[in-house]
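Listed below are the residues making up each chain.
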Amino acid sequence: MLRFKAAASKKVKARRAQRHLHREIIDQLFRSVDISSSDDNESDHNETDEGKTESLSASLPLGVSAEKSINYKIDQFDDTQLPNEEPIEIDNSDWLFDGSRITAKDAVRRLTSFMIDFNRNKRTVIGLLRIIKGLLPTPNRLPTTWKGILKALGHVSTSHSSYLCANCLKHCRKNLHGVKSCVDEECIKRNRMLKSNEIVELTHLDIRSQIQAILTRNQPLLNRCDLYPATDVCFADHYRNQSDSMSNRVTLIVHTDGAPVVKSSKQSLWPCFASLVELPPPVRDYQKNIILMSLWTSKKKPDANVFLEETIEELKHLINRGTSIFINGYEYQITLQTQYFVSDLPAKALFCRTINFNGYSACTECCSKGEWSGLYKVVVYPFTRNNLTPRTHAEYLDAAKEAQKKSAHGKAVSIRGIKGLSTLLEVFEYPSQITFDYMHLICLGHIPSLIKRWCQRVDKSALHAIDVSLDQLLLPHNLSIPFLESIEHAEQWKAKNSRLFVLNVGVPVVTLHLPRLLASHYLLYSLSIIMLHAPKSNDETNLAEDIINYYCKTSTLVHDPSIELFSLHAHIHLAQQVRRHGGLGHTSAFGFESCIRFIQKKAHGSKNLGSQISYWIDLQSTVQAKTKVPTLSVVNEIRLDDRRLTTYRPILLEQFETNGIDLNSCTFHLRLKNFFVTYHTTIYDQPFKCRSFIVSFSDPVHKLLRYGNIIVFVRTNEQFYALIQRYRLSEKCITNYVDIPCSLHLKANELFPLVEPSDELILIPITEIRHKCVKVPFDNVFCLSEIRLDYEHD
């Protein structure tokens, strides 16, 4: 008996200890869930304690070598994601229990947000809630059923699913046990129980309610013109040419693509997304701000007209009649418009009902026709035979109707590349609103193909030298882009690797190692893509168009004719697209493709996947908090007598006297957050494997573009300054190493300047800072390139 009692006593103590631990976990959960949540679409970096960062910086000597540095971890000051601050609406619900510090609704909201972020299924959520309820004081108001959760949140589901026979795409009959069967008398599977891989699950979500939720969360960011870069969609022709009389305009960018969701059954998920032009980038591309309009889950590719029928009807209704939304108790009448449709080439052909990109009339912009190359076994589009007569929407409709009529009783035919009418074109104009996605066209298309051709023409030593250069790159902290694969396997690079290569590092890396002809030709390509990615003026867009035409025209002289695939031909239309819709960096599918990966994680098991995903996405919109407005701020304050400033202190004081700055009103800082872009200083970055202090800036005296390292930030009253260690231009130029037309030398040297460090220091207002830069070692000097769009999604 004594032995039994002792064992029981230990058991009771263990239970008490476990109960105490659970209470601590719950308390911590309630305190931290708001700041720990993150969107997979925005950032998956861990938060770093600022105090530890400062003490670590102070403990390392100046000039620490790159080999001894550690990987940088992005924290709340660096991340472009804005933290959730407050609930969308005032919470007047009862307290969770007597004496509680939070209400029942707030507790449910925090717990639900936590479960959504960590991707738990319903059974796990209910199980955890029951444990928590048992640990809380009794009585308490924590619900333990899904019905109770939805009631506490005031949530009403806006999504609904239907099931189609994958063979005939007609609606299935569903019995009381959930068994589905086809009812179409002409279908070979009629009146049979359908397996899961014989069913199409079609899910629709309410568009209006999602727009209202997104605008409510982001109301502080609306009408903030200072947050929109000059290269953005809202400054391009199509958006500006819309009627100025439209009040409270909401403009949608639409995207769709497919991705495998259950490998064992080969089922694929096809979401149809939309984002709002009226939200400034990068907030526009955050997962929580992307609308999920519909989902197609099946083993079979979607039929565009069946998939989008209900979505297009809702869009047409909102476009034609408008609607009202409520934000903070106020009613707003909005006008809905569409901006453009973006996808990769196969999805573009599928949803526009045109022939595929390897066909003879694949171009959506012009009437050029491909030719079969018997030697290379591909369809090519020779530049010399281009027919640049533009296509029109009316011609598309005529060709689509003719193709549909001829295909009604026989084999499918195409008329000038059009296979039939697409419901998508009821809300988009063809071809002006059907765009090319540079992520697929360039980063995953032409760049890997071009590099493959290089690898066939140069020896292994040159390729190894390029690999070494790419491996030793030190990039800004927000460009976490390691080149894990050799350049020989560039087809396995991620899109962000190819983007960095074509925009910043490719030219200096390959110029020293490729034959002069290949390096010169690639420099032309890189110049044009940089200017189209984020053009600084209309003149740059026009120049980029001339260069890309020259590049395409001379491609067969540098390579063989097989390079003239449709993907190369499409490049000649990119400049016109930029004029219509803005820089390529703002019109890509990077954010949407990341969102596909995000929603894939919401599916558990292998059944009713669309319903599961839509349920969690729908619920997530209810628990999201308001977005905090970004500000101009400095962090990581240091003292003027800090030993890391010893070298620069005399010059800094001299600059203060020259500029009439009162030393007593100054504070000194290691980092600056300029709205969505975070800059570092040299003394902050030294312990890390990153270089976020190299910038381009306007010389306040000569008004010329200069380059340098940021040493320290200075704040005085409401003014911000940066102490810059300038670079001087080298006597060498990038054009000394290549052969390109003389008319392009000035632009090439401007985009890829060769520089050397200097001892000159200058104090400038931070308003003169233009962009962060990437520095690449180049023949005993350095080659710089600006990061024109610092917060583009990965």
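Procedures and definitions
Residues numbered from 1 in each chain as written. Predicted model: local features only at pLDDT ≥ 70, side-chain atom pairs only at ≥ 80, totals over all residues. Heavy atoms only, no water. Helix = DSSP H or I, 4+ residues; strand = E, 2+ residues; numbered from the N terminus. Buried < 20%, exposed > 50% of the residue type's maximum accessible area, 1.4 Å probe, protein only. Contact = heavy atoms within 4.5 Å. Core = buried A, V, L, I, M, F, W, Y, C linked by side-chain atoms within 4.5 Å. pLDDT = per-residue confidence, 0-100. Phe/Tyr/Trp six-rings, centres within 6.5 Å; stacked < 30°, edge-to-face > 60°. Lys NZ or Arg CZ within 6 Å of the ring centre and 35° of its normal. Salt bridge = Lys/Arg side-chain N within 4 Å of Asp/Glu carboxyl O. Axes fitted to C-alpha atoms, helices over the stretch in contact; angles between N-to-C directions. Parallel < 35°, antiparallel > 145°, perpendicular 65-115°, else oblique. Left-handed = near helix turned anticlockwise from the far one by under 90°. Nonpolar A, V, L, I, M, F, W, Y, C, P; charged D, E, K, R; others polar. Lys, Arg positive; Asp, Glu negative; His and termini not counted. Polar contact = N/O pair within 3.5 Å; in protein donor to acceptor, adjacent residues only side chain to side chain.

**Some remarks on the overall build of the chain**
Part 1 of the reasoning: Helix and strand content of the chain: 23 helices and 22 strands.
Part 2 of the reasoning: Here the chain, with 794 residues, has 56% of them falling under the buried criterion.
Part 3 of the reasoning: In the chain, the proportion of contacts linking residues at least 24 apart, taken out of those at least 6 apart, comes to 72%.

**Let's talk about the nonpolar core**
Part 1 of the reasoning: Counting 83 residues, the largest nonpolar core has Phe 501 and Tyr 522 as its most contacted members.
Part 2 of the reasoning: Top contributing element to this core by residue count: helix 15 (residues 516–533), with eleven residues.
Part 3 of the reasoning: Residues in contact with Tyr 522, not counting those within four places in the same chain, are Ile 447, Leu 450, Trp 454, Phe 501, Val 502, Gly 506, Val 507 and Val 510.
Part 4 of the reasoning: Of all hydrophobic cores here, the second largest spans 46 residues; its members include Leu 164, Ala 400, Ile 418 and Val 427.

**Considering the pairing of strand 7 (residues 267–276)**
Part 1 of the reasoning: Counting buried residues in strand 7 gives ten out of ten residues, a clear majority hidden from the surface.
Part 2 of the reasoning: Residues of strand 7 alternate between two faces, with Gln 267, Leu 269, Pro 271, Phe 273 and Ser 275 on one and Ser 268, Trp 270, Cys 272, Ala 274 and Leu 276 on the opposite face, all of them buried.

**Topic: the confidence of the model for the chain**
Part 1 of the reasoning: Of the residues in the chain, 88% have a pLDDT of 70 or more, and the chain-wide mean is 86.
Part 2 of the reasoning: Per-element confidence in the chain ranges from a low mean pLDDT of 32 for helix 2 (residues 50–59) to a high of 98 for helix 18 (residues 574–581).
Part 3 of the reasoning: With pLDDT under 50 throughout, residues 1–10 is counted as low confidence; its partners more than four residues away or in other chains account for zero contacts.
Part 4 of the reasoning: In this model residues 28–67 is a low-confidence stretch, pLDDT under 50, and it forms 81 contacts with partners more than four residues away in sequence or in other chains.

**Focus on the environment of Trp 146**
Part 1 of the reasoning: Inspection of the secondary structure assignment puts Trp 146 in helix 5 (residues 146–153).
Part 2 of the reasoning: A relative accessible area of 15% means that Trp 146 is categorised as buried.
Part 3 of the reasoning: When the C-alpha positions of Trp 146 and Arg 123 are compared, they lie 9.8 Å apart, and in sequence the two are 23 residues distant.
Part 4 of the reasoning: With sequence-adjacent residues up to four places away left out, Trp 146 is seen in contact with Lys 122, Val 125, Ile 126, Tyr 615, Trp 616 and Leu 619.

**Regarding the packing of aromatic side chains**
Part 1 of the reasoning: In total, this model carries 26 aromatic pairs according to the counting rule given.
Part 2 of the reasoning: Relative to Phe 592, the ring of Phe 273 lies with its centre 6.3 Å away and its plane at 15°, an arrangement referred to as stacked. Of this pair, Phe 273 sits in strand 7 while Phe 592 sits in helix 19 (residues 590–600); the two residues are 319 residues apart in sequence, bridging distant segments of the chain. Taken as a pair, Phe 273 and Phe 592 share a single burial class, namely buried.
Part 3 of the reasoning: By the ring-pair criterion, three or more aromatic residues cluster together here, those being Trp 270, Trp 296, Phe 307, Phe 341, Phe 351 and Phe 428.
Part 4 of the reasoning: Just above the ring of Trp 146 sits the side chain of Lys 122; from NZ or CZ to the centre is 5.8 Å.
Part 5 of the reasoning: Directly above the aromatic system of Tyr 163 lies the positively charged group of Lys 180, at a separation of 4.6 Å from the ring centroid.

**Some thoughts on unusual backbone geometry**
For residues other than glycine, phi is negative in most cases, and the peptide bonds are mostly trans.
Part 1 of the reasoning: Of note, the amide linkage connecting Pro 281 to Pro 282 takes the cis form, showing an omega dihedral of 5°.
Part 2 of the reasoning: Going from Tyr 430 to Pro 431, the amide bond is cis rather than trans, its omega being 0°.
Part 3 of the reasoning: You can see Pro 431 is positioned in the loop between helix 11 (393–406) and strand 13 (434–436).
Part 4 of the reasoning: Of note in the backbone geometry, Asn 191 takes a positive phi value of approximately 60° without being a glycine.
Part 5 of the reasoning: Relative to the helices and strands, Asn 191 resides in the loop between strand 3 (180–182) and strand 4 (199–204).
Part 6 of the reasoning: Residues other than glycine seldom take positive phi values, yet Arg 353 does so here, at roughly 55°.
Part 7 of the reasoning: Its place among the elements puts Arg 353 in the loop between helix 10 (345–352) and strand 11 (371–373).

**Regarding the pattern of salt bridges**
Part 1 of the reasoning: A complete count under the given rule lists 30 salt bridges for this structure.
Part 2 of the reasoning: Across the salt bridge formed by Asp 232 and Arg 284, the nearest N and O atoms sit 2.8 Å from each other. In this pair, Asp 232 sits in the loop between helix 6 (207–217) and helix 7 (237–240) while Arg 284 sits in the loop between strand 7 and strand 8 (291–298), placing the two residues 52 residues apart along the sequence.
Part 3 of the reasoning: Residue classification places Asp 232 among the buried residues on the basis of a relative accessible area of 1%.
Part 4 of the reasoning: Residue classification places Arg 284 among the buried positions, given a relative accessible area of 3%.
Part 5 of the reasoning: Its salt-bridge partner being Glu 426, residue Lys 316 comes within 2.8 Å of it at the nearest N-O pair. With Lys 316 in helix 9 (residues 309–321) and Glu 426 in the loop between helix 11 and strand 13, this residue pair connects regions lying 110 residues apart in the sequence.

**Remarks on the packing of helix 16 (residues 538–558) against helix 18**
The packing of two helices is summarised by the inter-axis angle and the distance between the axes.
Part 1 of the reasoning: Direction vectors running N to C along helix 16 and helix 18 enclose 160°, while the axes themselves pass 9 Å from each other. Considered as vectors, helix 16 and helix 18 are oriented roughly antiparallel to each other. Between helix 16 and helix 18 lies a crossing whose hand is right-handed. The residues of helix 18 that touch helix 16, namely those facing Thr 541, Asn 542 and Glu 545, are Ala 575, Val 578 and Arg 579.
Part 2 of the reasoning: Taken together, the residues of the contact of helix 16 with helix 18 break down into two nonpolar, two polar and two charged.

**Focus on the side chain of Arg 249**
Part 1 of the reasoning: Position of Arg 249 relative to the elements: it lies in strand 5 (residues 249–256).
Part 2 of the reasoning: We note that Arg 249 is buried and unpaired, the nearest opposite charge coming from Glu 278 at a distance of 4.7 Å.
Part 3 of the reasoning: One polar contact links the side chain of Arg 249 to the main-chain carbonyl oxygen of Tyr 239, over a distance of 3.1 Å.
Part 4 of the reasoning: Each residue touching Arg 249, except ones within four places of it in the same chain, is listed here: Tyr 239, Gln 242, Glu 278, Thr 335 and Gln 337.

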